[in-house]
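Fold and contact review
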Amino acid sequence: MNEGSAMDERMKEIFENIAHVKARIRMACERSHRDPSEVTLIAVSKTKPVQDLECAIAAGMDCFGENKVQELTMKMDTLTQPLHWHMIGHLQKNKVKYIVGRAELIHSVDSVELAAKIQEEAQKRQTTANILVEVNVSGEESKFGVSPYQLPDVIEKIAQMPNIRIQGLMTIAPFTEDPEQSRPFFKNLRNLAVDIKSKNIDNVNMNVLSMGMTGDYEVAVEEGATMVRVGTGIFGARNYIS
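Parameters and conventions
Residues numbered from 1 in each chain as written. Predicted model: local features only at pLDDT ≥ 70, side-chain atom pairs only at ≥ 80, totals over all residues. Heavy atoms only, no water. Phe/Tyr/Trp six-rings, centres within 6.5 Å; stacked < 30°, edge-to-face > 60°. Helix = DSSP H or I, 4+ residues; strand = E, 2+ residues; numbered from the N terminus. Buried < 20%, exposed > 50% of the residue type's maximum accessible area, 1.4 Å probe, protein only.

**Side note on the packing of aromatic side chains**
Under the definition given, this model contains 1 aromatic pair. Taking 5.7 Å as the distance between ring centres and 35 degrees as the angle between the ring planes, the aromatic pair formed by F64 and W85 counts as tilted. Residue F64 is found in strand β2 (residues 63–66), and its partner W85 is found in strand β3 (residues 84–87); the two are separated by 21 residues along the sequence. Here the two residues F64 and W85 agree in accessibility, since each one is buried.

**Some thoughts on unusual backbone geometry**
The phi torsion at H33 lies on the positive side, around 55 degrees, for a residue other than glycine. A positive phi is found at N200, a non-glycine position, where the angle reads about 50 degrees. Relative to the helices and strands, N200 resides in the loop between α7 (183–198) and β7 (204–210). N200 sits in the exposed class, given a relative accessible area of 65%.

In structure tokens form, the structure reads like this:
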């Protein structure tokens, strides 16, 4: 197969995958009596080449999520058309300066200390950083995130930072073969958001619930997700690049 044919095949595969994921999101919205326009599909392009993103863009995608700061900034610099870029992976404090003012939304703020670093950079750049607070709803030691018990205190402290806007919450459910097992974790995150919203804290919105990935995004949508992060379901298995 020549290079052109391989590219055509890859584009066809990505087009079909995106159409499939969007159709399943629509069906999940129908089941839960939601408007599909309430759910943003984020194409998680970590480890994928720029050519794959170009295929997804041709299929109508304009919202991409990356796990690593270096990969995010490289792709932003390469693809110069207007796109929505999300930082979804664990963010180290020493990498904050590279994405504040560039990433549209940082999903993975998991401590007051990290938020303080984002505040410092945003103030320097005279910009506002939109963030989600990552919650470790499952309590797994291997996962990052604020515990549900610490969450109100963390929210209150970050809300005092003038260059940060908390837009909602994010979580990663435990890996499971059965997406139904993720439902309680998504339900818990939604309930936490409802509780925080009821406090009417200045500088805090709970408009965004980022939850659900390739294996469980339909259940997440049924439980109120407004953003789902789908990588393998769009691009196939990860390419582990050095």
